[in-house]
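Structural description and commentary
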Amino acid sequence: MATKKNVALSIVTGGLVLLISLVFGPASTLAAISLTDAWGDSLGQSEFTDILYLDVREESTDLVFRIDFADISFGVNGAILLDTDGDLTTGGGSSGEVTEASIQFTVARFGIWTAAFYPSEGSPQDIGGEIIGNQFVVYLPISLLPNGTERLRLALLTANDFACDGRDRVPDSGYVVFESGEVSTLSENGNLAQVSALSDPEGDTTSPVDLRGINLEDDGDYVRIRIHYHHGIQPADMDRVGLGFVSIDADGDILTGFQNAMGTFPTFGIDAYLYATLFPQSVGGSEEIELWIQDPADPAEVARVVVGGFTSDSWFERGTDWLEAVIPAVTLPTISANAVVRVNAMVAETGQWDDFPETGGLSVADGTIIPFLSCTGAESGTTDPAGDSYGLGNDNDDFVGMTACPYEEGILLAVRYADLDFFQGEAMTSIHFDVDQDRTTGEETTYASGAMTLGVEKTMVYQLSSTSGGTPVTFVSANGTSTAAGAGGGTGGTPSFLSILVDGSTGVEARGINALFTMNFYTETVYITIPDRLLGNTGGMDLHALSMSTGVGVPVFSDEIPESTLYSVESTNAGGSDDGSQDGSQDGSDDDQQNTQTDGDSDSDSGGGGGCFLASCFFEARI
């Protein structure tokens, strides 16, 4: 691998003894490192996964890995992570891989084993190995490493199974550099964000979802997320499957998230979403945790990471009354000083729910609560008759009203339907924005009735679909509280939400905007947050919406709102009207273009949390 002088070095760091010897071969210099790991430091002190010694040597054409265990007789699963580009901040071919390559192996009883080399690109390849007592030896042909591999870093992880039971790691943190033997970490870079808040009231719900709070700590190498409960969550403590969710808005910006973190109007854009399932003793007493993040290789896609998977270098632990996930910092978006977190817990079967904080998001910088968005000025609205849709109003196509109000950075818009249906509502809605209120600019777009013309700069298109692609949107249950509906796309025909921003009214897609929508099937309303900077708005806008039914395979016009008048709204940046009314004199007659004022009893100014998570809850909620 490299040419070195003879050297022998011994380093003692926190119980890890590192011995490095570089040995001359007959024709070239061959490198070797040896690491001794503390006895009994595996999770749960499992002797079957407890690594005692790792020796790596360059021998002729192979890298040879010799791993000594306390006892290998009952088998072990493991992976050797190989950082081949000398940069710990880069990873493999997907967000679930933190290094460019890995060796994955399984040792079973009676001397049965498998080992394979997994590159970031291309197919895995079986490699050689052998069992010698309690030692497992793996032979990696150097030719399989990418061309230009230098400053190779590596780490070894083992466990009883692929759910982290009995986990051990060498080194305990970071990666050992093969050429020098030094242990490299990222923690020296700082970024020490952390928050601890354990103030959620006890008894506001019942076991197994009575939250106490959350701890989040970023030490530069790993982000530790611990959910605390007021009660035990061991398998024997639970009689139903419990779900836990942690939403992380890493930069405090709703426009960078792939879904929102609840609230009537979306307020926080989720950049990373932790989804935990706790099974009671009656169904095995296990636990599963998944992480959903935007795929760094394709920002338009949401990537799934199985927490505890070896190549993700992540793990979790279920304590007496807490659940902790530990995730490499390089896997997550950078947690900035503007980051916000929320934690939720529920039992889908009974609808039990708890969240913290209840009225907003928890600031990672100082632990204060950042409230959900609400109106900072008066609402204005327009109505449409129920039952006038050509789509017969049975698939989210029949409008009955739109209301809007300003907030500090834009507009909060509520679109109401005669019937907003979760399973059969496949109609598309398009909301046209004449951002500069000038029909001579933008794309000329005429109402279906022919009564009005707008110059449309941007269009929001959204649809609740029963296909498996897309990300389920936040939705709301019968008690009027909202629930983040998971991340990463529906499966098996589960309804999912798709939304895009389009240039003009028929132009190309500008970007995905799922985080800006919340669907409330109890109030038959879609709530939309529209930041001014998204549309380049500097004050007022003219809005028009139409629905298109898709049951016949081709979108067909169903309804529009308004049908013959101009609907104008103002943002806070306009600094104008206090009463929310617009005379619309820019684009037509005074008689036809007055806004219809609402009576102010809209629920759009409230934040929410809790409610149903699974689709079946909605049938119960609407009976």
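Sequence positions are assigned chain by chain, starting from 1 and proceeding in written order. With pLDDT at 70 or above as the cut-off, local features in this predicted model cover only qualifying residues; side-chain atom pairs require 80 or more to be listed or tallied, and sums for whole chains, interfaces and linings still use all residues. Just so you know, side-chain values use all the structure's heavy atoms and leave hydrogens and water out.

So, on to the overall build of the protein. Starting at the N terminus, helices and strands are each numbered in turn, a helix being any DSSP run of H or I of at least four residues and a strand any DSSP run of E of at least two. Of the regular secondary structure elements, the protein holds two helices and 48 strands. Here a residue-residue contact requires only that any non-hydrogen atoms of the pair lie within 4.5 Å. Long-range pairs, those at least 24 residues apart, make up 63% of the contacts in the protein with a sequence separation of at least 6. Of the roughly 24400 Å² of accessible surface on the protein, a fraction of 50% belongs to carbon and sulfur atoms. We get accessible surface area from the Shrake-Rupley algorithm with a probe of 1.4 Å; when it comes to residues, only the shown protein chains can shield them.

Of note, His-544 is situated in strand E46 (residues 540-549). Relative accessibility decides the category of a residue: with a 1.4 Å probe and only protein chains considered, values under 20% of the type maximum give buried, values over 50% give exposed, and everything between is partly exposed. Accessibility expressed as a relative area gives 1% for His-544, which makes it buried. Pairs of N or O atoms are called polar contacts if they sit within 3.5 Å, as long as, within protein, a hydrogen donor faces a hydrogen acceptor (for residues adjacent in sequence, only side-chain-to-side-chain pairs). Engagement of the side chain of His-544 in a polar contact is seen with the side chain of Glu-560, the distance being 2.8 Å.

Here, the term nonpolar core denotes a set of buried Ala, Val, Leu, Ile, Met, Phe, Trp, Tyr and Cys residues that are joined through side-chain atoms within 4.5 Å. Formed by 41 residues in total, the largest nonpolar core has its most connected members in Leu-216, Ile-225, Leu-274 and Leu-291. In this structure Leu-216 touches Ala-193, Gln-194, Val-195, Val-223, Arg-224, Ile-225, Ile-248, Ile-335, Val-341 and Val-364, once residues within four positions along its chain are discounted. With 36 residues, the next largest nonpolar core counts Ile-513, Met-519, Ile-528 and Leu-534 among its residues.

For the peptide bond that leads from Val-170 to Pro-171, omega is -10°, which places it in the cis range. In this model, Ile-561 is joined to Pro-562 through a cis peptide bond whose omega is -10°. When you line up the elements, Pro-562 lands in the loop between strand E47 (556-561) and strand E48 (567-570). One non-glycine residue with positive phi stands out, namely Gln-437, at about 55°. Take Gln-437: it is sitting in the loop between strand E36 (428-434) and strand E37 (443-446). Here the phi dihedral of Glu-524 falls at roughly 60°; this positive angle occurs in a residue that is not glycine. Topologically, Glu-524 is positioned in the loop between strand E44 (517-520) and strand E45 (525-531).

Each aromatic pair joins two rings of Phe, Tyr and Trp (for Trp, the six-membered one) with centres within 6.5 Å, and gets the label stacked for planes under 30 degrees apart, edge-to-face for over 60, and tilted for any other angle. Scanning the model with the defined rule gives 11 aromatic pairs in all. The interplanar angle of 40° and the centroid separation of 5.2 Å between the aromatic rings of Phe-105 and Phe-136 together place this pair among those described as tilted. Residue Phe-105 is found in strand E9 (residues 101-107), and its partner Phe-136 is found in strand E13 (residues 135-141); the two are separated by 31 residues along the sequence. When sorted by exposure, Phe-105 lands in the same class as Phe-136, which is buried. A connected cluster of aromatic rings, assembled from ring pairs, spans Phe-245, Tyr-273, Tyr-275 and Trp-353.

Our focus in this paragraph is the sheet that holds strand E19 (residues 211-218). Within a sheet, each strand pairs with its neighbour through backbone hydrogen bonds, oriented either parallel or antiparallel. Strands pair, by our definition, only if DSSP identifies at least two bridges between them. If you walk across this open sheet you meet the five strands as E18-E19-E20-E28-E27, and the pairing is antiparallel. Each end of this open sheet is capped by a strand with a single partner; those strands are strand E18 (194-197) and strand E27 (315-318). Sheet twist, expressed as the average angle between the axes of neighbouring strands with direction ignored, equals 10°. For E19 and strand E20 (residues 222-229), the ladder comprises seven bridges, and the chain directions are antiparallel. Note on E20: the bridge partner recorded for Ile-214 is Ile-227. For helices, the fitted axis covers only the stretch in contact; all axes are lines through C-alpha atoms, and the angles between them, taken along N-to-C directions, range from 0 to 180 degrees.

Of the strand pairs in this sheet, strand E12 (residues 128-132) and E13 are connected by five bridges, and their pairing is antiparallel. By the bridge assignment, Glu-130 is partnered in E13 with Val-137. Counting the residues between successive antiparallel strands, the hairpin from E12 to E13 contains two residues, one of them, Gly-133, with a positive phi of roughly 65°.

Bringing the side chain of Ser-568 into the picture now. Here Ser-568 lies in strand E48. Given a relative accessible area of 2%, Ser-568 falls into the buried group. Among the polar contacts made by the side chain of Ser-568, one reaches the side chain of Asp-542 at a distance of 2.4 Å.

Here a cavity is any set of points on a 1 Å grid over the protein atoms alone where a 1.4 Å probe fits but cannot get out, and a pocket is any open set with protein on both sides within 12 Å along at least 5 of 7 lines; a residue lines the site when it has an atom within 4 Å of a point. Grid points are joined across faces, edges and corners, and a volume is the space filled by probe spheres set on the points. Applying the stated rule across the entire model yields six cavities of 30 Å³ or more. Size it by volume and the largest cavity reaches roughly 150 Å³. Taken together, 18 residues form the lining of the largest cavity, with Leu-88, Tyr-175, Leu-186, Asp-221 and Val-330 sitting closest to its centre. Only Asp, Glu, Lys and Arg are considered charged, only Ala, Val, Leu, Ile, Met, Phe, Trp, Tyr, Cys and Pro nonpolar, and every remaining residue, Gly among them, polar. Looking at the lining of the largest cavity, its residues break down into eight nonpolar, five polar and five charged. Of the voids in this model, the second largest cavity is the one considered here, and its volume is about 60 Å³. Surrounding the second largest cavity, Glu-97, Thr-99, Glu-100, Ala-101, Ser-102, Gln-104, Tyr-118, Pro-119, Ser-120 and Thr-311 form its lining.

Topologically, Leu-566 is positioned in the loop between E47 and E48. The spatial distance from the C-alpha of Leu-566 to the C-alpha of Asp-542 is 7.0 Å, given a sequence separation of 24 residues.

Salt bridges are defined by distance alone: a side-chain nitrogen of Lys or Arg within 4 Å of a carboxyl oxygen of Asp or Glu. Summed over all chains, the structure comprises 15 salt bridges. With its nearest N and O atoms 2.8 Å apart, the salt bridge here joins Arg-151 to Glu-182. In this pair, Arg-151 is assigned in the loop between E13 and strand E14 (153-159) and Glu-182 in the loop between strand E16 (175-177) and strand E17 (183-184), connecting sequence segments 31 residues apart. When its relative accessible area of 34% is taken as the criterion, Arg-151 is described as partly exposed. Across the pair Lys-458 and Asp-503 runs a salt bridge, and its minimum N-O distance is 2.4 Å. Note that Lys-458 is positioned in strand E39 (residues 458-465) and Asp-503 in strand E42 (residues 496-503), a separation of 45 residues in sequence. Classification of Asp-503 as partly exposed rests on a relative accessible area of 30%. Taken together, the salt bridges that share partners define one network made up of Arg-167, Arg-169 and Asp-313.

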